[in-house]
Amino acid sequence: MNTNFSRLIGILALAAQAQSARAELKWEQTSVDLRPGFNDKQAVAHFNYENVGNTPVHFKSVHASCGCTTAQTQNEQVAPGQKGEITATFNIGGRTGTQVKTVTVQTDDPERSSIVLTLKAVITPLLEFQPTLVYWQNGEEPKPKIITAKANKDAAIKKLDVSSSTPDFTAKVDPGSAPNEFRISVQPRDTTKAVYATLTIKPDSPANTGNMFSAAARVMPSAPASKSTLSTIRHDLATPAATAASPSQ
Amino acid sequence: MDLSSRNILWRIVALIVGGIFIYAGVIKAMDPVAFANDIDNYKILPWPLAVRLAFYLPWLEMLCGLALLLRSFYRGGLFILTGLVSIFIVASVVARARGLDITCGCFGHASKNWNFSGHLALDLAIFAALIALWISSPRQQQEL
Amino acid sequence: MKASAVRQALLLIALAFVPAIGEAIYFRDKVSWQSPIPASELVTVDQARSWGDNVIWVDARADNEFERDHIPGAILLNEDRWNELLPHFLGQWSPERKIIVYCSAQSCNASREVAKRLRDEAQLKNVFVLDGGWEEWLKDKR
């Protein structure tokens, strides 16, 4: 009788303990939006947490979704009542637009063993080009083609300096149709032989950290065989809507 | 130039223009899906309409081209072709104004030598030829 | 024949329907009548092989992964060093060739991102993504 009773007490005590032995990591936010400046090479998100439970929480792993993001935790072990943060550092590289990177955190908390932290960064680069490649077919008329450059409006870029890696192409910059827009006019000397040039574009912005951007210009090698010429004529003639083009020369 | 030489001249122009439209119609009829995509690239018509038009228009072009050649339904053919060319010219200009890169009218197709203005000039020339044929054609089929 | 131009035109318009409908019936299963079919960007390793020499391989993975091993002849083009690597790739490209971008299962959004940027920024056509990525290629090697 005694042993049964004490066993019962023991079980109840154990149960009571299990109930109150809660670990709980509370996150201030699990999703952070960032707007890095055009000169920033990294975007850093801080994910703050607090252990509002009464047992320590242990981080088993902190793992980012891609190689461009690293994540670090201040402490491996979080005592009850302790606060800390996980820092996610996103290396922007050449990325643009809206980038979403996640960090998956594994803990020993049985309730929530896996948490996903999200870093959302909206990147507006210093300069964007459309298109980044202009090219001419062999024998095509060497008329200028336009690359439109859009500058980040916070950068206050007044001028762009464009140079070609070979003298086979010339480049000229004019203001574009909208503020912070430029028209880069590229022209080959001739289109008789295949040439490739990198166009280096330097903005004059004082905040500029020596950023250089590039686009490409090419004259393609002469097209192989009559088979492709025939299919080109076919395509040239299949003009839409109502009219016909006369057969190309 | 006397009347018969002028007639021969117009006959030749009609043959050339008619031939162009027949050739173009045949090419488009051979690949209606490609033509449907070309129409769609102008972003003026919804796809279901574009695809049905892609099946219909080439045959209309061919018939009208034939009308010019055979001098049968001649003015009717001229009337339609003139209408089609005008619509196309307007559509090209509108597409260009909207910033759609339609070179040679063939968005995405290899357009080696035709740029927008060259193509437009050509279409205007065809348009002018059609108008000229219209003006010079008799109201009724008279002689031969 | 005193038929007016308009009447002739209407007749031609009506007449054209006959072959047009005939052709539409002939092609009825080969055409998407309701919506344009977007070209799928995925290709399998087998499809890629069937294209033979006409392919430019683009490796969208990180530098160290590329250095370790890559598809023979592949050009490195990742977003980390996009501005640096892009001109080099553009110098190798030509319109007749098909571009296939790949990455590893770890970073597999990278190939789609790179493919999208090549289409949007450089306005290239025939840009595809390798289904299964680098791992799929390894499986099939030789």
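Chemist: What am I meant to see in the overall build of chain A here?
Modeler: Scanning chain A from N- to C-terminus turns up two helices and 17 strands. By residue count, 30% of the 249 residues in chain A fall in the buried class. Long-range contacts, defined as pairs at least 24 residues apart, comprise 64% of the intrachain contacts of chain A with a sequence gap of at least 6.

Chemist: How should the overall build of chain C be read in this particular structure?
Modeler: The secondary structure content of chain C amounts to six helices and five strands. Listing each helix as α and each strand as β along chain C from the N terminus yields α-β-α-β-α-β-α-β-α-β-α.

Chemist: So what exactly am I meant to see when it comes to the sheet that holds strand β4 (residues 98–102) of chain C here?
Modeler: Adjacent strands of a sheet form backbone hydrogen bonds with each other and so pair up, either parallel or antiparallel. Residues and elements named next belong to chain C. In spatial order, the strands read β1-β5-β4-β2-β3; together these five strands make up an open sheet with parallel pairing. If you trace the sheet from one side to the other, it starts and ends with β1 (42–43) and β3 (75–76), each paired once. Of the strand pairs in this sheet, β1 and strand β5 (residues 127–130) are connected by two bridges, and their pairing is parallel. Considered in β5, the bridge of Val43 is made with Leu130.

Chemist: Just checking my understanding: could you explain the packing of helix α1 (residues 3–30) of chain B against helix α3 (residues 47–70) of chain B for this structure?
Modeler: Packed helices, taken two at a time, are described by the angle between their axes plus the distance between the axes. Residue and element names in this part refer to chain B. α3 packs onto α1 with a crossing angle of 155° between their chain directions and a minimal axis gap of 7 Å. Here α1 lies roughly antiparallel to α3, going by the angle between them. Note that α1 runs across α3; the crossing there is left-handed. Of the residues in α3, those in contact with Ala14, Leu15, Val17, Gly18, Gly19, Phe21, Ile22, Ala24, Gly25, Val26, Lys28 and Ala29 of α1 are Pro58, Trp59, Glu61, Met62, Cys64, Gly65, Leu66, Leu68 and Leu69. Per-class residue counts for the contact of α1 with α3 are 15 nonpolar, four polar and two charged.

Chemist: Would you mind showing me how to read the environment of Ala60(C) here?
Modeler: Residue and element names in this part refer to chain C. Examined against the element boundaries, Ala60 turns out to sit in the loop between β2 (55–59) and α3 (63–68). Along the backbone, Ala60 and Asp80 are 20 residues apart, and their C-alpha atoms lie at a distance of 9.5 Å. The contact partners of Ala60, leaving out residues within four places of it in the chain, are Leu77, Asn78, Val101, Tyr102, Cys103, Ala110, Ser111 and Val114.

Chemist: Would you explain the pairing of strand β12 (residues 145–151) of chain A in this entry?
Modeler: Two faces make up the sheet, and in a regular strand the side chains alternate between them. Sheet topology places strand β10 (residues 127–130) of chain A next to β12(A); four bridges connect them, and they run antiparallel. Its bridge partner being in β12(A), Leu127(A) is matched across the sheet by Ala151(A).

Chemist: Could you clarify how one ought to interpret helix α4 (residues 82–92) of chain C in this entry?
Modeler: An α-helix turns once per 3.6 residues; consequently, residues spaced three or four apart project the same way. Regarding α4(C), the residues found buried are Trp82(C), Leu85(C), Leu86(C), Pro87(C), Phe89(C) and Leu90(C). The secondary structure elements touched by the buried residues of α4(C) are β11 (133–136), β16 (195–203) and β17 (213–219) of chain A together with β2 and β3 of chain C.

Chemist: Quick question: what am I supposed to make of helix α5 (residues 109–120) of chain C here?
Modeler: Residues and elements named next belong to chain C. Over its 12 residues, α5 runs 16 Å from end to end, which matches the ideal 16 Å to within 8%, given 1.5 Å per residue. When we look at burial in α5, the residues that qualify are Ala110, Ser111, Glu113, Val114, Ala115, Arg117 and Leu118. At its buried positions, α5 is contacted by β2, β4, β5 and α6 (133–139).

Chemist: Is there a simple way to explain the interface of chain B and chain C in this structure?
Modeler: By a widely used convention, the size of an interface equals the accessible area lost when the partners come together. Contact with chain B, which involves 24 residues of that partner, is made by 23 residues of chain C. With 10 residues, α3(B) is the single largest residue contributor to the side of chain B that touches chain C. A breakdown of the residues in the side of chain B that touches chain C according to their chemical character gives 17 nonpolar, five polar and two charged.

Chemist: Would you explain the packing of α3(B) against helix α1 (residues 5–26) of chain C in this entry?
Modeler: Remark: α3(B) packs on α1(C), axes separated minimally by 8 Å, with the N-to-C direction vectors making an angle of 135°. In this view, α3(B) runs oblique relative to α1(C), as classed from their interaxial angle. Helix-helix and strand crossings are classified by hand; for α3(B) and α1(C) the assignment is right-handed. Note on element contacts: α1(C) touches α3(B) through Leu12(C), Ile13(C), Leu15(C), Ala16(C), Phe17(C), Pro19(C), Ala20(C), Glu23(C) and Ala24(C), opposite Phe55(B), Tyr56(B), Trp59(B), Leu60(B), Leu63(B), Cys64(B) and Ala67(B). Taken together, the residues of the contact of α3(B) with α1(C) sort by class into 15 nonpolar, no polar and one charged.

Chemist: Would you mind showing me how to read the pairing of β11(A) here?
Modeler: Residue and element names in this part refer to chain A. Residues of β11 alternate between two faces, with Leu133 and Tyr135 on one and Val134 and Trp136 on the opposite face, all of them buried. Summarising the sheet, β11 and β17 pair through four bridges and their orientation is parallel. In the sheet register, Trp136 faces β17, and the bridge partner there is Val219.

Chemist: I tried to follow the sheet that holds β17(A) on my own but got confused; where do I start?
Modeler: The four strands are arranged β11-β17-β16-β13 (chain A) in an open sheet whose pairing can be described as mixed. Taken across any chain shown, the strands that pair with only one partner, and hence form the sheet edges, are β11 and β13 (160–164) of chain A. Across the sheet, the axes of successive neighbouring strands diverge by a mean angle of 20°, strand direction being ignored. Along the sheet, α4(C) contacts β11, β16 and β17 of chain A; its crossing angle with β17(A), the most-contacted strand, is approximately 5°.

Chemist: I keep staring at the environment of Asp140(C) and nothing clicks. Help me out?
Modeler: Mapped onto the secondary structure, Asp140(C) falls in the segment after α6. In the structure, Asp140(C) is positioned 94 residues away from Asp46(C) in sequence and 8.7 Å away in space, judged by C-alpha atoms.

Chemist: So what exactly am I meant to see when it comes to the confidence of the model for chain C here?
Modeler: Close inspection of predicted coordinates is inappropriate in any region flagged by low pLDDT. Residues and elements named next belong to chain C. In this model, chain C carries an average pLDDT of 87, and 91% of its residues clear a pLDDT of 70 or more. Confidence scores differ between elements of chain C, with β1 showing the lowest mean pLDDT of 83 and β3 the highest of 96. At the level of chain-chain contacts, confidence expressed as ipTM amounts to 0.81, with global pTM at 0.58.

Chemist: Explain the environment of Tyr23(B) here, please?
Modeler: Residue position: Tyr23(B) is located in helix α1. Note: C-alpha distance between Tyr23(B) and Glu61(B) (38 residues apart in sequence) is 9.1 Å.

Chemist: Any chance you could explain unusual backbone geometry here in plain terms?
Modeler: Peptide bonds are, in most cases, trans, and in most cases residues other than glycine have a negative phi. The omega angle of the peptide bond from Gln130(A) to Pro131(A) is -5°, so this bond is cis rather than trans. Of note, Pro131(A) is situated in the loop between β10 and β11. Despite not being glycine, Phe73(B) has its phi angle at roughly 60°, a positive value. Relative to the helices and strands, Phe73(B) is located in the loop between α3 and α4 (74–97). A tally of 24 C-beta atoms within 10 Å means that Phe73(B) is categorised as buried. Phi at Gln123(C) takes a positive value of approximately 55°, unusual for a residue other than glycine. Here Gln123(C) shows up in the loop between α5 and β5.

What counts and what doesn't
The numbers attached to residues start from 1 for each chain and follow its sequence in the written order. Here the convention is simple: chains get letters from A, ligands get numbers from 1, in the order in which they are written. Confidence filtering applies because this is a predicted model: local features only for residues at pLDDT of at least 70, side-chain atom pairs given and counted only at 80 or more, and all residues used for totals across whole chains, interfaces and linings. In this text, helices come from DSSP runs of H or I with a minimum length of four residues, and strands from runs of E with a minimum of two, each type numbered from the N-terminal end. Residue burial here comes from a neighbour count, namely the number of other C-beta atoms, placed from the backbone, that lie within 10 Å of the residue's own C-beta, with 20 or more meaning buried, 12 or fewer meaning exposed, and in between meaning partly exposed. Once C-beta atoms are placed from the backbone, any two residues with those atoms within 7 Å are in contact. DSSP bridges decide pairing: two strands pair if at least two such bridges lie between them. Convention adopted: a line fitted to C-alpha atoms gives each axis, helices being fitted over their contacting stretch, and angles between N-to-C directions are expressed from 0 to 180 degrees. Comment on the angle field: the value is read as roughly parallel under 35 degrees, roughly antiparallel over 145, roughly perpendicular from 65 to 115, and oblique elsewhere. Crossing handedness is defined as follows: a turn of the near helix away from the far one that is anticlockwise and smaller than a right angle gives a left-handed crossing, while the clockwise case is right-handed. Each residue gets one label: Ala, Val, Leu, Ile, Met, Phe, Trp, Tyr, Cys and Pro are nonpolar, Asp, Glu, Lys and Arg are charged, and the others, such as Gly, are polar. Helices are assigned an expected span. That span is 1.5 Å times one less than the residue count. In predicted models, pLDDT denotes the confidence assigned by the predictor to each residue on a 0 to 100 scale.

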